[in-house]
Each structure stands twice: as structure tokens, then as C-alpha cells.
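Close look at the chain arrangement
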Amino acid sequence: MLQVTIVQQGVWHMSKESMPLAAGYLAAMVRSDPELSARSRVEIVNYPGAASQWEMATRLLGGDVPDVLAFSVLGWNVRQFGALAETFKQVNPKGTVIFGGNHVSNQAERTLRQWPVVDVIVNGEGELTFVDLLSHIADGRTDLADVGGISYRDADGSIRTTAERARIEDLDIIPSPILNGVLPLHDDTGAFRYDVALLETNRGCPYHCSFCYWGGAVGQRVRSFSRGRLRAELEALARSGAETVVLCDANFGILRADLEFVEDLVEVRRRYGYPRALESSWAKNKSKTFYEIVDIMRREGIRSSFTLALQTLSDDALATMNRTNMKINAWKDLTERLSADGMDIYAELIWGAPGETPESFLKGYDELARHVSRIAAYPLILLPNTDYVERKDLYGFVTIRGDRDDFEYVLANKDMTLRQNLSMQRFLFWARLLAENLVLRHVFPALRAAGDLRQSEVILSIADHVEGRQGAGAQLLRRAAANSTADPDSLSPALEFCFTSPEFDELVMGWWKAEGPSLVAAPWVEPLSELVRFDLDSRPLPDAATRGPYEILAEVRDGEHVLVAVRDYEYDVLGMCHGVPEDRRDEGPRPSPTTMELCWKAGFAELAASTNHEETAHYVARSRRLDGARRPPVAR
């Protein structure tokens, strides 16, 4: 009996288990093959991102040692998996190690040289290749030349790559690991097992962006799973209490099948109460189908974060990216419509592309911020098989590999010096911390209206103030900002501090007390002080005991566990969130004592250190004014 173990691991900062969908596909394929399943036993070992190599090795080798060890490899785990493979070969020198995944696909020369213990690389889609490969191993055949879609070491040690395997046309031939029990959906308490539920409705991407391998990895033409299968998977996840479904699609919202999926999601949710949220990489260009989907989700109260995936507003950078963007009027209209409908929206930018300068990037950032303050601004990372890597010399890239991962981090390019990059990396850290991850929200548009301040100016003003303080929290943030280029995961502990520590409130309020009078006219200082406090009060709350001296009650509303508090403000903070009247910009708002109820979705404690801002968005407090007599303010 051939013992096969498939290993998958989530991202570093997540302590909760991620759904091993890719490994599930492989295991489901093996178990569905009558001959191979009779001759083999397949298990999935799924590690949380926080697991150490020691923990992984002791769990993997604590029982029966497998004959085949297969890894679902990404840039953040290839080093850990390489080390784990070395340990495995010490215990079972005759065992077979298989690497598959985007980071190693078509990268055999480098990967096999770097990790001599790896025997086979799977190139492209892995489901059919994996079954074929295991059949050869089970038969004892060492010649793998007729297994399509792999690279391997021949008997003489030379690296050979076999013929490319055709893409899978009928995706339904891949058994669903959600429906056939390959992936357990419940933990020991009966709750849904994973941080989010992963689903794949289609494969393929019609675009070929220079920084991305999504289209190249699975083929340009989009192929879909059947509606019946997806409906059945939704029902299984709903029965298991999966709150959020995340789609592994490149451009959800462009196919009529996407609309049908959302219609089915609505029916399933009405029946079971779950899922409550849907996240995806939304289509870059928004079609009639997209707007129909938005209308349905708004009407049904299905939460999501809609992406404005512009990446840059620089025409020169767009040219090197090999992409075009929505026309300016189109994306402005989109933000206005989604905001008017109360839907959550954010924009994406990438810093470090050839053709971009610090000036052009900040100009684009601030232009976007006039319409959507939540901007996910990421540093460019060079990924294998992309145009930027293939034409690295042309673009003048200078890169370095990460300490913990195997990504190529950009230090400089033909249009960007190292000094410029380091300065911008600091800005990216603070922009991601404060704006992308919803630590602050309403203060940015209010300061733009009251003081004509650009969002980047506000972010850097806070950064300068905090980095100049001497407390432990300020030192933590200062170190995290300084290390953000070399350690991209430095954002995680910084976020945890911002969401859990009262010291962060003191730092931000101290910034406003020190800098506010120089940023806005005097009539605005006190009103905006209350708005800053409201932003801090309403940011995601880990638990009832984490922040503040005010009473927080745990309740259940509409079947959802929530935390509720009542807060008093000297001004109408909710009114300021919705805009600044033209006739009041010079004089500022008048005092208007207001009592607000803040209602947070419970359960944020497990996500306080997460950089998944799409999930974080669901935990910002919902707020409403309370009628009736105003309570005396709680002492602060």
C-alpha cells in the first residue's frame, strides 16, 4: 500500500487553519481512481501559518512515514517545505518528494538545484498529473518520461522536462473535496473548521499583466465548474456554518455564470443563514453583470469588499505592466455608486513598477483617495514566470530574496533608486497600517474637506509624530516601519498593537492634540478631535475587555454574535462622516451632543494580527444615533 501525504500550509501570521483546497483536489482525484485508490492511502496534513518547522516535522514523522510526500508550494512556504523534505529524506531515503504550485511550476532548474531532495516538479494544473505520477510510483516505474507536465531528475542526475499537459477542459472531472468528505468541514466542537471557506468557480484569466502569473498558470481561456456542483458546495458549506466564502477566481463578475452563482448563494443563505459574506478578486472592468451582482448583494445584505484593481494611475507604468485601466470617469462613477449603496469598496495600487516615480505614485494615491480612502498599496514583488522576471534586465530590476520566503523583493529599477524606494516603503507601511486595514477611516476625507489635506500628508504626519515618541508602542511601530522592506510580515504585530492596545489611542489622540491646530483652522480642531476619537472607538474590536473603560455588552442580533457599546460625543460625528456642508467649511460644525450605539461583529480576536483587510472590513463597528435623553459622558 503506497502511503501518500499531501502537505499544505497557510500564511505565516494566521494561527487558524486555512482550507487546503488545492491539496483537497489532489486527494479527491486519487480516491476517485478505483485502481489507484485500492493501492494507496492518501492523507492531507494542513499546517496553520504559525506552525514552526519543528512542529511540522514532529507531526509529519510522528506516525507512519509516507512513501510519497507532496507539497503545495507557494513563495511564502517553499523554504519551510524544502527543509521539511530534507528531514523526510533522512527518515525515508527511498521516498519520493513532489513539489507543485505556481512558485515552482516551470522552475525546475532553479528549484531542483536549490533543493536536491526534491524528485519531481509538477508544471501547470496538477490533478491529472498527480494521478498519473502516483500510478507510475505504485508500479515501481522509475522512468517518468511518459508522465506529461513534470520535470524530474533522470537516473544520470540530469533534469528532464516532459511534454506540457493540456489544460483540463471539463473541470467537473475533478471530484469536489467539499462534497466527498476529503476535506472535513467541522472542528471538534462542531463549528466550521477554517478561517474562511474557499471555492473555485472557474479557472483562467483573459489578461497577461507583467507582474502576475494567474493567466499563464492556468491558461488564458476561462473554464467554469458546473452550476449544479457549485450549488451543492454552497449548501454543504452553509450547513457547516461557513460565514465567509472566498472565491479563488481571477475575475469574478464578468460571466453570466457568476450572476447565477450569486443567485444560488442568495437562495442558500435564505435557507441556512450562511454564508454571510462573499469575497473575490473582482473583475477589473465592471460590466452589466457586475452591477446586477452588486444590486443583489446589497438587497440581500451579503457583505463583500469590492476591488478597484487599478494598480497605478501612471500611463508610463501601465505600459510596462502590459495592462489598461478603467477610464477615470468609470471608476469614479463606480465608487460613487457603491458608496451610495452602502457597499464596501477599496482600491489597489502597486509601488515599484518601471515607469513609476514617487511623485507619480503619490499623485495617483491621493487622486484615488478623493473617492475611496481605503487603498491597498503593495510593494512590487517579482514572481516566477512573469514578464517582469523574463525581462528583468530590460527594466533594470535590482532584487533580493526574502529572509523567510523565496520572493524577489524589488530594491531598484531603471526609474527608481534605492533611496527613493526606501522612503516609499515607509509610506506604504503606514498607509497599509492606517488606511488599508481600517484603523482610521473617516478622518481622511474630513481633513481633506476641512483643511485641503491630501491623504498621504495625513498618513505621513501621523507617522512622523508616532515615530518621534518614546513609549513601547511607538518603538514597536517605529521598528516595524523600519523593517517593513526586509520583513513584509512586520505589519502583522503592528496591526495587533493598533487593534488591541489603549496606548495606540493615546498616540493618535496625542498626534491630533500636537498637530491638529497646525493642520486645520481653529473652528475645526475640537470637532475633528471627536471624529478622530470616533474612528478609534469604531475600529474592529477583538473582545469586550480589550479597549476602553466603557461598558461593552455581548448580544445576539439577527443570529449573529455582536458586541455593543454606547458612546457620547460633543459633535455630530456621524454627520461629519457623511460629508462637510459647503456653507460650514469656514466656520466648522457647531457643538451637537450626540449619543451613538456602536455594534461590532464578534470574533475579531483571531484576526487582530491578520493583514487580510477584506475580512477585517466586516468587523468595523456599525453605528447609529440613539434617540432620547443623552446619558452623562463616561469618564475618559
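The structure reproduced in this document is the subject of the present report. Starting afresh in each chain, residues are numbered from 1 along the sequence in its written order. Since the coordinates come from a predicted model, pLDDT governs what is reported: local features require at least 70, and pairs of side-chain atoms require 80 or more to be given and counted, while whole-chain, interface and lining totals use all residues. Excluded from the side-chain calculation are hydrogens and water; included are all heavy atoms of the structure.

Overview of the pattern of salt bridges
Here is the rule: The salt bridge criterion pairs a side-chain nitrogen of Lys or Arg with a carboxyl oxygen of Asp or Glu, the two atoms within 4 Å. Strands here are runs of E lasting at least two residues and helices are runs of H or I lasting at least four, both read from the DSSP assignment and numbered beginning at the N terminus. Residue exposure (1.4 Å probe, protein chains only): buried if accessible area is under 20% of the type maximum, exposed if over 50%, otherwise partly exposed.
According to the stated counting rule, one finds 51 salt bridges in the structure shown. Its salt-bridge partner being arginine 203, residue glutamate 125 comes within 2.8 Å of it at the nearest N-O pair. On the criterion of sequence distance, the pair formed by glutamate 125 in the loop between strand E5 (120-122) and helix H6 (127-139) and arginine 203 in strand E9 (residues 202-203) is long-range, its members being 78 residues apart. Judged by its relative accessible area of 9%, glutamate 125 falls in the buried class. According to the relative accessible area criterion, arginine 203 is buried, its value standing at 6%. Each of Arg227, Arg231, Glu235, Glu260, Glu263, Asp264 and Glu267 takes part in salt bridges that share partners, so that together they form one network.

Thoughts on helix H21 (residues 502-519)
What counts, and what does not: Multiplying one less than the number of residues by 1.5 Å gives the expected span of a helix. The bend at a residue is defined as the angle formed between two axes, one fitted to the seven residues ending at that residue and one fitted to the seven starting there. Whether two residues are in contact is decided by their heavy atoms, any of which lying within 4.5 Å being enough. As used in this structure description, the phrase polar contact means that two N or O atoms lie within 3.5 Å; if the pair is within protein, one of them must be able to donate a hydrogen and the other to accept it, and residues adjacent in sequence are counted only when both atoms belong to side chains.
The terminal C-alpha atoms of H21, which comprises 18 residues, lie 25 Å apart, in line with the 26 Å expected from a rise of 1.5 Å per residue. A bend of about 40 degrees at lysine 513 is the largest found in H21, and the proline proline 517 appears one to four places after it. Against the buried residues of H21 lie helix H16 (418-436), helix H17 (443-451), helix H18 (455-467), helix H19 (472-483), helix H20 (491-500) and helix H22 (522-538). Where H21 begins, the capping side chain belongs to serine 501, and its oxygen is found 3.1 Å from the backbone nitrogen of glutamate 503.

A look at the nonpolar core
Where we set the bar: Only buried residues count toward a nonpolar core, which is a set of Ala, Val, Leu, Ile, Met, Phe, Trp, Tyr and Cys residues joined through side-chain atoms within 4.5 Å.
One finds Leu237, Leu278, Trp430, Leu433, Leu434 and Leu477 to be the most contacted residues of the largest nonpolar core, which totals 162 residues. Top contributing element to this core by residue count: H16, with nine residues. Contact partners of leucine 433, with chain neighbours within four places excluded, come to Val439, Leu477, Leu491, Ala494, Leu495 and Cys498. In terms of nonpolar packing, the next biggest core, distinct from the first, is built from 24 residues, Val45, Leu60, Phe81 and Leu84 among them.

Structural notes on the side chain of serine 105
Here serine 105 lies in the loop between strand E4 (96-100) and helix H5 (108-114). By relative accessible area, serine 105 is classed as buried at 2%. Filtering out sequence-adjacent residues up to four positions away, serine 105 remains in contact with Val122, Asn123, Gly124, Tyr213 and Asn385.

Comments concerning the sheet that holds strand E15 (residues 375-379)
The line we're drawing: DSSP-based pairing: two strands are paired if at least 2 bridges between them are found. Under this scheme, a helix contributes an axis fitted over its contacting stretch, all axes are lines through C-alpha atoms, and angles between N-to-C directions fall in the 0 to 180 degree range.
Ordered in space as E13-E14-E15, the three strands form an open sheet in which the pairing is parallel. Looking along the sheet, the strands with just one partner apiece sit at the ends: strand E13 (305-311) and E15. Across the sheet, the mean angle from the axis of one strand to that of its neighbour is 25 degrees, orientation sign disregarded. Its contacts with the sheet place helix H13 (residues 358-369) against E13, strand E14 (344-351) and E15, and it is angled at close to 175 degrees to E14.

Brief notes about the packing of aromatic side chains
Put simply, the test is: The criterion for an aromatic pair is that two Phe, Tyr or Trp rings (for Trp, the six-membered ring) have centres within 6.5 Å, with stacked assigned to planes under 30 degrees apart, edge-to-face to planes over 60 apart and tilted to the rest.
For the structure on display, the rule yields 22 aromatic pairs. Both rings, one in tyrosine 365 and one in phenylalanine 427, keep their centres 5.1 Å apart while their planes meet at 85 degrees; by these two values the pair is edge-to-face. Of this pair, tyrosine 365 sits in helix H13 while phenylalanine 427 is found in helix H16, placing the two residues 62 residues apart along the sequence. Both residues of the pair, tyrosine 365 and phenylalanine 427, count as buried. Through pairs of rings, three or more aromatic residues link up here, namely Phe252, Phe261, Trp282, Phe290, Tyr291 and Phe306.

With respect to empty space enclosed by the protein
Rule in force here: Using a grid of 1 Å spacing that covers the protein atoms alone, one calls a set of points a cavity when a 1.4 Å probe fits there but cannot get out, and a pocket when the set is open and has protein on both sides within 12 Å along at least five of seven lines; lining residues are those with an atom within 4 Å of a point. Grid points are joined across faces, edges and corners, and a volume is the space filled by probe spheres set on the points.
This model, assessed by the stated rule, comprises three cavities of 30 Å³ or more. Estimated volume of the second largest cavity: approximately 50 Å³. Around the second largest cavity sit Gln3, Val4, Thr5, Arg41, Glu43, Asp64, Val65 and Pro66, which together line it. Taken together, the elements giving at least two residues each to the lining of the second largest cavity come down to strand E1 (2-9) and strand E2 (40-47). The biggest single contributor to the lining of the second largest cavity is E1, with three residues.

Examining the sheet that holds strand E19 (residues 553-557)
The four strands are arranged E19-E20-E21-E22 in an open sheet whose pairing can be described as antiparallel. Two strands close off the open sheet at either side, each with one partner strand: E19 and strand E22 (622-625). Averaged over all adjacent pairs, the angle separating strand axes in this sheet is 35 degrees, with direction ignored. As defined by bridge partners, strand E20 (residues 560-569) adjoins strand E21 (residues 594-601) across eight bridges and the pair is classed as antiparallel. Looking at the pairing, valine 564 lines up with cysteine 599 of E21. Across the sheet, H22 lies against E20, E21 and E22, angled at about 160 degrees from E20, the strand it touches most.

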